[in-house]
Amino acid sequence: MTDRVVLITGCSSGIGEATAARLAKAGWTVYATARKPETLEGLKAEGCRTLALDVTSEESMSGAVTTVLEEAGRIDALVNNAGYSQSGATETLDLDEVRRQFETNVFGLLRLSQLVLPTMRQQGSGRIVNISSMGGRLVFPGGGVYHATKFAVEALSDAMRFEVAGFGVQVVIVEPGLITTNFENAAVASMGSNNDGPYAEFNAQVAASTKEAYSGPMRHLGGGPDSVAKVIEKALKARRPRIRYTVTASAKMSIASRRLIGARAWDAAMRSQFPQPRARD
């Protein structure tokens, strides 16, 4: 893999940081990116090239891709990792925040793929790894918008995989489950203004359940960022990669459970974990 060039988004921490470090050690020319490039000093020390890249800005995305091509002359892989979660009952969500999440989790992923594909087609080779989630295959109450973005990632990836295969470009989906990073903090923080009204009890329980999942016994069914980074490296190295890689026991168990039971049974299971909002006397 020496001299292979990879562009990775969302490298300031977590999965992106672990993936950039792992691939740099494996001999890739790694362009690690984040909105705030000052957060990438550690990766620079590990041999990564670092760039500012805001996936909600057309100028930033096109500028980053141009820089990689001017410096390296090619792009062999794109890892679309940037993303975050917000939670809360759908009626309580601020639409500007919803749009911002789609810009980050979906539209940025799509636009960066569009920007690198002409080069990959010209090369006759390339690989795009889209970081989805077990949340792209099932839905937990209170996470509707985040799940919607990941369902969109799954759909875009499935369509793109078919459309670009004839040009020598492969598209892979990675579906992590519970990963012990600071990922949950954004989801909990997003509910700070939703602490009254008819959904107050529900939103409070969603916040508590989210914290518990990352700090309680459930965390043993998850993994650290490097568990996902290992799978991303495997997906990039494989001559014929899988369409989907599911990472962690929590993801495999949850996806299998949702596949086996119907929507009503799933709703019943969710009622055992979350208070269902309802009219009060």
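Everything in this summary refers to the structure shown in the same document. None of the values given here were measured: they were computed from a predicted structure.

1. Thoughts on the overall build of the protein
Logical step 1: The number of helices and strands found in the protein is ten helices and seven strands.
Logical step 2: In terms of C-alpha radius of gyration, the protein reaches 19 Å, essentially the compact-globule figure of 19 Å for 281 residues.
Logical step 3: Principal-axis analysis of the C-alpha atoms places the extent of the protein at approximately 65 × 40 × 30 Å.
Logical step 4: Positive and negative side-chain charges of the protein, numbering 32 and 28 respectively, have mean locations separated by a distance of 10 Å.

2. Brief notes about the pattern of salt bridges
Logical step 1: Counted under the stated rule, the structure contains 14 salt bridges.
Logical step 2: Ionic pairing is found between Asp96 and Arg99, a salt bridge with its closest N-O pair at 3.3 Å. Here Asp96 pairs with Arg99, and both are found in helix 4 (residues 95–123), just three residues apart, close to one helical turn.
Logical step 3: Arg161 is paired through a salt bridge with Asp158; the nearest N and O atoms lie 2.7 Å apart.

3. Some points on the packing of helix 3 (residues 58–72) against helix 4
Logical step 1: Taken N-terminus to C-terminus, the directions of helix 3 and helix 4 make an angle of 30°; their axes are 10 Å apart at the nearest point. Considering the angle they form, helix 3 stands roughly parallel to helix 4. Seen along the crossing, helix 3 lies across helix 4 with a hand that is right-handed. On helix 4, the residues that touch Glu58, Met61, Ser62, Val65 and Leu69 of helix 3 are Gly108, Arg111, Leu112, Leu115, Val116 and Thr119.
Logical step 2: Looking at the contact of helix 3 with helix 4 residue by residue, the class counts come to six nonpolar, three polar and two charged.

4. Some details on the environment of Arg161
Logical step 1: Within the secondary structure layout, Arg161 lies in helix 5 (residues 144–164).
Logical step 2: Look at Arg161 and you get partly exposed, because its relative accessible area is 24%.
Logical step 3: When the C-alpha atoms of Arg161 and Arg127 are compared, they prove to be 9.9 Å apart, with 34 residues separating the residues in sequence.
Logical step 4: What Arg161 contacts, discounting residues up to four positions off in sequence, is Val171 and Ile243.

5. Let's talk about the environment of Val247
Logical step 1: Along the chain, Val247 turns up in strand 7 (residues 244–247).
Logical step 2: Exposure remark for Val247: the relative accessible area of 5% places this residue in the buried category.
Logical step 3: C-alpha of Val247 to C-alpha of Ala229: the two residues are 18 residues apart in sequence and 10.0 Å apart in space.
Logical step 4: For Val247, the residues in contact, after removing those within four places along its chain, are Val174, Glu175, Pro176, Gly177, Ser227, Val228 and Val231.

6. Section: the pairing of strand 7
Side-chain positions along a regular strand alternate between the two faces of the sheet.
Logical step 1: Side chains Tyr245 and Val247 project from strand 7 onto a buried face, and the interleaved Arg244 and Thr246 project onto a face without burial.
Logical step 2: Two strands pair when backbone bridges link them, and strand 6 (residues 169–176) and strand 7 are joined in this way by four bridges, in the parallel orientation. Each residue of the ladder has a partner; that of Ile173, found in strand 7, is Arg244.

7. Section: the nonpolar core
Logical step 1: Val30, Val174 and Ile232 are the most contacted members of the largest nonpolar core, which has 29 residues in total.
Logical step 2: Those elements that place two or more of their residues in this core are strand 1 (5–8), helix 1 (14–25), strand 2 (29–34), strand 4 (77–80), strand 5 (126–131), strand 6, helix 8 (225–237) and strand 7.
Logical step 3: Counting residues in hydrophobic clusters, the runner-up holds 23 residues, among them Leu112, Leu115, Val116 and Met160.

8. Concerning the sheet that holds strand 3 (residues 49–52)
Logical step 1: The seven strands are arranged 3-2-1-4-5-6-7 in an open sheet whose pairing can be described as parallel. In this open sheet, the two strands that pair with only one neighbour each are strand 3 and strand 7. Recorded for the sheet is a direction-independent mean angle of 20° between the axes of neighbouring strands.
Logical step 2: With four bridges connecting them, strand 4 and strand 5 associate as parallel partners. Paired with Asn80 across the bridge in strand 5 is Asn130.
Logical step 3: Against the sheet, helix 9 (residues 249–260) makes contact with strand 6 and strand 7, and its axis sits at roughly 115° relative to strand 7, the strand it touches most.

Calculation rules
- Residues numbered from 1 in each chain as written.
- Predicted model: local features only at pLDDT ≥ 70, side-chain atom pairs only at ≥ 80, totals over all residues.
- Heavy atoms only, no water.
- Helix = DSSP H or I, 4+ residues; strand = E, 2+ residues; numbered from the N terminus.
- Rg over C-alpha atoms; globule rule 2.2 N^0.38 Å.
- Lys, Arg positive; Asp, Glu negative; His and termini not counted.
- Charge placed at Lys NZ, Arg CZ, Asp CG, Glu CD.
- Salt bridge = Lys/Arg side-chain N within 4 Å of Asp/Glu carboxyl O.
- Axes fitted to C-alpha atoms, helices over the stretch in contact; angles between N-to-C directions.
- Parallel < 35°, antiparallel > 145°, perpendicular 65-115°, else oblique.
- Left-handed = near helix turned anticlockwise from the far one by under 90°.
- Contact = heavy atoms within 4.5 Å.
- Nonpolar A, V, L, I, M, F, W, Y, C, P; charged D, E, K, R; others polar.
- Buried < 20%, exposed > 50% of the residue type's maximum accessible area, 1.4 Å probe, protein only.
- Pairing = 2+ DSSP bridges.
- Core = buried A, V, L, I, M, F, W, Y, C linked by side-chain atoms within 4.5 Å.

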